[in-house]
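# A look at the structure
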Amino acid sequence: LTLSDLAIHIPKMKAFLIFLVAPLFVALPTLACSDDSKVRWKNGEFTLSCAFLTNNSDKKAQRTNNWCNKKVKDIKTKDQFVVKKKCKKACKNCDRLVMTE
């Protein structure tokens, strides 16, 4: 491969890479971060949800600190999960910065 061969192939490689990467930039803005509105877990006699973590601004920091890293059991499915995996927005555990209301 000579230098002139590279000069011919580099623009083609750039165009190919743009062709591969461009769809990601179109799709990414549509990805959103939200909480799973269906998930519920128990804390003694109380049933909690993702909304519980953030519905009181005075207690939001305390609740997210207490719950986001805890493993709990979904009362409907009986599956165990870490709260921040289902309450991504409330726990600020989003893959992207775009969040839905």
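Every residue gets a number counted from 1 within its own chain, in the order that chain's sequence is written. Residue-level local features of this predicted model are given only where pLDDT is at least 70; pairs of side-chain atoms are given and counted only at 80 or more, and the full residue set underlies all totals for whole chains, interfaces and linings. As a convention, hydrogens and water are excluded, and side-chain values are obtained from all of the structure's heavy atoms.

The geometry of an aromatic ring pair is captured by the separation of the ring centres together with the interplanar angle, meaning the angle of the planes. Any Phe, Tyr or Trp ring, taking Trp's six-membered ring, that has another such ring centre within 6.5 Å forms a pair; planes under 30 degrees apart are called stacked, those over 60 apart edge-to-face, and the others tilted. Throughout the structure, instances matching the rule amount to 2 aromatic pairs. Note on Trp 41 and Trp 67: the rings are 5.9 Å apart at their centroids and 50° apart in plane angle, and the pair reads as tilted. Taken together, the residues Trp 41 in strand 1 (residues 41–43) and Trp 67 in helix 3 (residues 60–67) connect sequence positions 26 residues apart. Summarising the burial analysis for this pair, Trp 41 and Trp 67 share the class buried. The exposure class assigned to Trp 41 is buried, which follows from its relative accessible area of 0%. Members of the aromatic cluster, connected to one another through ring pairs, are Trp 41, Trp 67 and Phe 81. For the purposes of this entry, the term helix denotes a DSSP run of H or I that reaches at least four residues, the term strand denotes a run of E that reaches at least two, and both are numbered from the N terminus. Only protein chains enter the area calculation, which uses a 1.4 Å probe; residues under 20% of their type maximum are buried, those over 50% are exposed, and those in between are partly exposed.

Right, let's get into the nonpolar core. A general trend in soluble globular proteins is that nonpolar side chains are found buried together. We define a nonpolar core as any set of buried Ala, Val, Leu, Ile, Met, Phe, Trp, Tyr and Cys residues linked to one another through side-chain atoms lying within 4.5 Å. Membership of the largest hydrophobic core comes to 13 residues, with the highest contact counts inside it found for Trp 41, Leu 53, Val 83 and Cys 87. Contacts were defined at the residue level, with two residues in contact if any of their heavy atoms lie within 4.5 Å. Those residues in contact with Val 83, other than ones at most four positions away along the chain, are Trp 41, Leu 53, Trp 67, Cys 68, Lys 70, Val 72 and Cys 91.

Once that is clear, we can look at the confidence of the model for the chain. Averaged over all residues, the pLDDT of the chain is 81; the fraction at 70 or higher stands at 64%. Note on residues 25–30: pLDDT is under 50 here. Beyond four places in sequence and across chains, it has 3 contacts. A residue's pLDDT is the predictor's confidence in that residue, given on a scale from 0 to 100.

Glancing now at the state of the cysteines. What counts as a disulfide here is a pair of cysteine sulfur atoms lying within 2.5 Å. In this structure the tally under the stated criterion is 3 disulfides. Disulfide pairing places Cys 68 opposite Cys 91 at an S-S distance of 2.0 Å. Looking down the S-S bond of the Cys 68 and Cys 91 bridge, the torsion is -90°, so its handedness is left-handed. With Cys 68 in the loop between helix 3 and strand 3 (71–73) and Cys 91 in the segment after helix 4 (83–86), the pair connects residues that are 23 residues apart, well separated along the chain. The two residues Cys 68 and Cys 91 agree in class, both being buried.

Moving on: helix 3. Every buried residue of helix 3 is listed here: Arg 63, Thr 64 and Trp 67. Down the axis of helix 3, the buried set is contained in an arc of 95°. They therefore lie on one face. Those residues of helix 3 that are exposed and aimed more than 90 degrees away from the buried face are Ala 61, Gln 62 and Asn 65. Its buried side turned inward, helix 3 meets strand 1, strand 2 (46–48), helix 2 (50–54), strand 3 and helix 4. The directions from the helix axis to the C-beta atoms form the arc being described.

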